[in-house]
Each structure stands twice: as C-alpha cells, then as structure tokens.
Amino acid sequence: MIACVVIPGFDLRAALRAAPALAERPAALSPLPGTAPLLGPVTAAADTAGVRPGMRLGEALATCPTLVLVEQDPATAREEWEGVLRRLEDAGFAVDSADLGCVYFETRGVERLYGGLEAALKRALAAVGSAWDPRVGAAERRFAALAAANVARPGQVLIVSDESTGEFLAPLPLSLLPLSPERYAELEQLGVRKLGQLAGLPGSAVAERMGPDGRRAWGLARGGRAGRVRGRRPPAEIVESLEFPEAVGNELTLRRAFGALLDRMLARPERDGRFARKVAIAARLVGGGSWRRTVTLRDPTAERDRLKAALAPKLAELPAPVLELRLEIVALTESRGQQLELVCVEGDGLQLQLQEGLKQVCASTGSGSVCSVVEVAPWSRIPEARALLLPRDD
Amino acid sequence: MLVEEAIDGVPKRVNRQRVAVVREEWRVVDRWWTEDPVDRRYFDLVLESGQLAVVYRDGELKRWFTQKA
C-alpha cells in the first residue's frame, strides 16, 4: 500500500518552534513581501476566532484584532522537514517528499518488520513525533492515501481499501484536488462541491468544459492512478554555520564570513575528497525570518574560487541583516578525481561521462527528471502506449 | 495545431493549408475499461503543398492532434 503522512500548516508550525507560546494564541503565517496579501496557515485559536487560511490580511485583522502575524521562516521549515524525513528513513521508510508537510512511502517493505500495516503506520507517526500532530492515511492509490491523511485526526491512522476508495472519496470536498481557485469557483457554480459529484460526471464532458486540468482532477476524484512510490536518495550532510554576535548587514563582512565558512566546509573530513554537486547558502535574519538559495554547479567542483563565484553573488540578495550564515553541501559526487582528456573518450569512459552528466541533471531538477525509454508494445495503434518512461535515479 | 473541419468532422485545413486529399480515415477506440480511455478519429492527409500529415481528433479531450510516429 501507499501511505501518506500529512502535517497541516507545517510552515507555521516550523516558524512557531522559536515562539511556542504563540501556538496557543490566534496567529497566522504572514505573506511573503511582494506577494498577494493573503494569509498562510493559521493556529487553532485563530481558526476559532474566524480567521481562515487564504483570507486577505485586512479582513483577517478586522475579524480578529489580536491576530499575531508570524514571519515566514523557510530555512527553519526546510531544516525541520529534513529532520522529519530523516527520522522516517531511520525507521526504515523509503520516503518521497511531495512538499513541506506531505510525504509518501510504500508500506510493503516494512509491514513484516513492524508486524502489520497498522503497526508500521503507527511507527511512522512515532518517528515523525507527536509534537507535529501528524496524521497518516494508506490506500492502494496515491491520491486516496493523501485524502485519507487529510481526513484523519492528529495521530490517527486511516486505511482505505481499494474496493472502498470510491465510497470513501465521494463525500470529501473538492479542495483536496490540485486545482486553481478559478476552477474551484467554476465547479461550485455548476453545483459540484464533492469529489463524488465530480467523479459521477462523464470524463469527456469534464474535459470539454475544463480542459486537461479538469480531466486530471476528474481522474483523481475517481481515486487516481495506481502507481509506485520511489524513495528519495538522502542528501549529503555537510553543513557549516557562523553565528554573529549582532546582526550584520555589511556585504564585505558577509563575504568574509562566507569565505571562512567555505574554507571550513571544504576542509571537512566527511567530504573525503569528493566534489560538490549542489550547494546551498542560508541565513537566519534579524526579526526571526530566514533566507535560503540553492545552486547546482554546472560541473561538480571542490575548487574554492569556483564555489565562491557561484554562491557569493547570492549574498547581494539578502533581504535583511543576518544573525547566522550557513553553508551546506546538498549533494556530493562519488568520484574523487577528474582526469583531463588528451584524446577523445570512447566506450566505458564515455558512458561514465554520460552518467555523471545525468546525475548532474538529477541534482539540478530533482528526482525522476531523468528517464529511460523502454519499449513495451511497439505494435500498439496508440503511439504513446508503445514505450514507457522509467525514472532513473541510479 | 490548427485544424478547420467540415460539418462531417473531416479536416478542411491544417495549419492554414488546404487539405488536397484524405488518403485514409480510421478510428481507434481502446482502453475503455481504464481511467484513460482512447477515442480517436484519424485522418491520413495530403496538404496542398504536398506535405503528408496524420491528424486525429481526440473524442475525450475534443481537440485535434498531429501524429508523427
């Protein structure tokens, strides 16, 4: 089965780790500067006061004048999420992170380890930690597992069998579907408010009215496709950080600090002579926010100057003075040396170069972006059925 | 792809080029038992420039596509 662990409002929960007292008060995640003034996730107290996620800032403050706006903290959120994923991986689950606060895994390999499906899912909840109020759903299809996790109460395990998927999904709201607000409004105007109502419509009629997005949503409302979950490859963990005694906004000081961090990072014994494929620079900002930029290098390198040239210009994008600067190697190569070519490579050498290039593409665009074409039915009348694309992350 | 069709659903123009001859027409209905059924009406065409084209109208998506494979 496919299991899905969901932590609603993960961004807000992560941002509130620094100020836990706010979790009991009406609080909401503030919008990012320069974006539409719409609220992010809200606390239970804010929800009780009538504030809803996605509400306009002015309307929310008018509804609840005591509402506290919590600044977004993407670096902390990412760090906390990585911690959750690692705890799940330590418990034996091969995870596929869909987004912050939503992760999928296959239960088949771990059911026998923990003595059954339910016991394995409870182990997953325990690995995430009760402080996050996680909930888990399991089903034969990915979307049904996501819907089950969204419906479950905090700490609850909800398992949906394949036969009862349609019956389970039918009364659920359309908001579970990945549709744009305009599409939701369009469906509401047509009187379609539940997944079951959408699933009951003819697929061709939905496609004609709403296009491919609508057709996809219709497919999901009927349970979605059965597919496998591919576990991610855990990222490398070489992190160096520097905390400043007071907030620093001077670019020269930041560049010097960055240079020192780079030297420390390259000297780390865990690197073991390997090259950096993907690096990230992050900062904790004055006022509680955070900032992070990731760079995938064109060619993997361990040269100080090349790494500096790739990352240092990002420092100019810092939106506020910095309390802490962090440098991370997100992905490392397996190779420890690079031989310059005297003659054109052929055979195995060329194959190695090609594999290396594909790994670089994977590091840049994410898991599943490199696929092999496998011919399965060359005789098919339908061209797209003649071959399959198989993701290659090896 | 831009296809102008006659009242009987046969293409008249493809990408603003007049259809000279409809060489063949056939229908593919398959996978009706899955969530992605295939319902296509194919046309093998010769355009006025002499170019050959295979186009089909998808009965599910109600749109025209060209097929090159």
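Residues numbered from 1 in each chain as written. Chains lettered and ligands numbered in written order. Predicted model: local features only at pLDDT ≥ 70, side-chain atom pairs only at ≥ 80, totals over all residues.

**So, the overall build of chain B**
Step number 1: Scanning chain B from terminus to terminus reveals zero helices and six strands.
Step number 2: Going residue by residue from the N terminus, the α and β elements of chain B occur as β-β-β-β-β-β.
Step number 3: Out of the 69 residues belonging to chain B, those deemed buried represent 14%.
Step number 4: Long-range pairs, those at least 24 residues apart, make up 29% of the contacts in chain B between residues at least 6 apart in sequence. (Helix = DSSP H or I, 4+ residues; strand = E, 2+ residues; numbered from the N terminus. Buried ≥ 20, exposed ≤ 12 C-beta atoms within 10 Å, placed from the backbone. Contact = placed C-beta atoms within 7 Å.)

**Focus: the overall build of chain A**
Step number 1: Tallying secondary structure elements over chain A gives 14 helices and 13 strands in all.
Step number 2: Counting all 394 residues of chain A, 34% fall into the buried class.

**Description of the interface of chain B and chain A**
Step number 1: In this assembly, 10 residues from chain B lie in contact with 11 residues from chain A.
Step number 2: Partitioning the side of chain B that touches chain A into residue classes produces four nonpolar, two polar and four charged. (Nonpolar A, V, L, I, M, F, W, Y, C, P; charged D, E, K, R; others polar.)

**Things to note about helix α7 (residues 142–151) of chain A**
Step number 1: Counting buried residues along α7 of chain A, eight of its 10 residues qualify, which places the element largely inside the surrounding structure.
Step number 2: Those residues of α7 of chain A that fall on the buried side of the exposure criterion are Arg142, Phe143, Ala144, Ala145, Leu146, Ala147, Ala148 and Ala149 of chain A.

**Details of the nonpolar core**
Most often, soluble globular proteins keep nonpolar side chains buried together rather than apart.
Residue and element names in this part refer to chain A.
Step number 1: Within the largest apolar cluster, 70 residues are counted, with the highest numbers of intra-cluster contacts made by Ala3, Cys4, Ala28, Ala124, Val136, Ala145 and Ala148.
Step number 2: The dominant element in this core, judged by the number of residues it contributes, is α7, at seven residues.
Step number 3: Once you skip the residues sitting within four places of it in the chain, Ala148 turns out to touch Gly137, Ala138, Ala139, Leu158 and Val160.
Step number 4: Within the second largest apolar cluster, 28 residues are counted, among which are Leu261, Val279, Leu285 and Leu327. (Core = buried A, V, L, I, M, F, W, Y, C linked by C-beta atoms within 7 Å.)

**Overview of the sheet that holds strand β5 (residues 52–58) of chain B**
All names here are of chain B.
Step number 1: Reading across from one edge, β1-β2-β3-β4-β5-β6 is the order of the six strands in this open sheet, with antiparallel pairing throughout. The open sheet is flanked by β1 (3–5) and β6 (63–66), the only strands paired with a single partner. Adjacent strand axes in the sheet meet at a mean angle of 35° when their direction is disregarded.
Step number 2: In this structure, strand β4 (residues 38–47) lies alongside β5, joined through seven bridges in antiparallel fashion. Bridge pairing in β5 places Arg40 opposite Asp58. (Pairing = 2+ DSSP bridges. Axes fitted to C-alpha atoms, helices over the stretch in contact; angles between N-to-C directions.)

**Remarks on the sheet that holds strand β8 (residues 238–248) of chain A**
Across a sheet, strands are paired by hydrogen bonds formed along the backbone, either parallel or antiparallel in direction.
All names here are of chain A.
Step number 1: Strand order across the open sheet formed by four strands is β8-β11-β9-β10, with antiparallel pairing between neighbours. Pairing within the sheet leaves two strands with one partner each, and these edge strands are β8 and β10 (290–301). Across the sheet, the mean angle separating the axes of adjacent strands is 15° when strand polarity is ignored.

**What about the packing of helix α12 (residues 251–266) of chain A against helix α13 (residues 304–311) of chain A?**
All names here are of chain A.
Step number 1: Contact geometry for α12 and α13: axes closest at 11 Å, N-to-C directions at 130°. Between α12 and α13, the interaxial angle falls into the category oblique. Relative to α13, α12 is oriented so that their crossing is right-handed. Contact with α12, carried on its side by Gly259, Leu262 and Leu266, involves Arg304, Leu307 and Lys308 of α13 and no other residues of that element. (Parallel < 35°, antiparallel > 145°, perpendicular 65-115°, else oblique. Left-handed = near helix turned anticlockwise from the far one by under 90°.)

**Some remarks on the environment of Leu69 of chain A**
All names here are of chain A.
Step number 1: In this structure, Leu69 sits in strand β3 (residues 68–70).
Step number 2: Leu69 sits 39 residues away from Ser30 along the chain, and the two C-alpha atoms are 5.3 Å apart.
Step number 3: Sequence-distant contacts of Leu69, that is, excluding residues within four places in its chain, are made with Ala28 and Ser30.

**Details of the pairing of β4 of chain B**
In the case of a regular strand, side chains alternate between the two sheet surfaces.
Residues and elements named next belong to chain B.
Step number 1: Alignment of strand β3 (residues 17–30) against β4, held across 10 bridges, turns out to be antiparallel. Following the sheet pairing, Arg27 is matched in β4 by Arg41.
Step number 2: If you look at the hairpin formed by β4 and β5, you'll find four residues sitting between the two strands, and Gly50 has a positive phi there, around 95°.

**Considering the confidence of the model for chain A**
Step number 1: When the pLDDT values of chain A are averaged, the result is 84; 97% of them are 70 or greater.
Step number 2: Within chain A, the lowest mean pLDDT, 79, falls on helix α14 (residues 348–365) of chain A, and the highest, 92, falls on strand β6 (residues 135–139) of chain A. (pLDDT = per-residue confidence, 0-100.)

**Some words on the packing of helix α4 (residues 74–90) of chain A against helix α6 (residues 117–128) of chain A**
Residues and elements named next belong to chain A.
Step number 1: Interaxial distance between α4 and α6 falls to 8 Å at its minimum, and their mutual angle equals 140°. Looking at the two axes, α4 sits oblique to α6. Both α4 and α6 take part in a crossing whose hand is right-handed. In this structure, α4 contributes Val84, Arg87 and Leu88 to the contact, and α6 contributes Ala124, Ala127 and Val128.
Step number 2: Of the residues assigned to the contact of α4 with α6, the class counts are five nonpolar, no polar and one charged.

**Section: the confidence of the model for chain B**
Regions with low pLDDT carry predicted coordinates that are not meant to be interpreted in detail.
Step number 1: For chain B, per-residue confidence averages 90 on the pLDDT scale, and 99% of positions sit at 70 or higher.
Step number 2: Taken together, the chains of this predicted complex give a pTM of 0.65 and an interface ipTM of 0.72.

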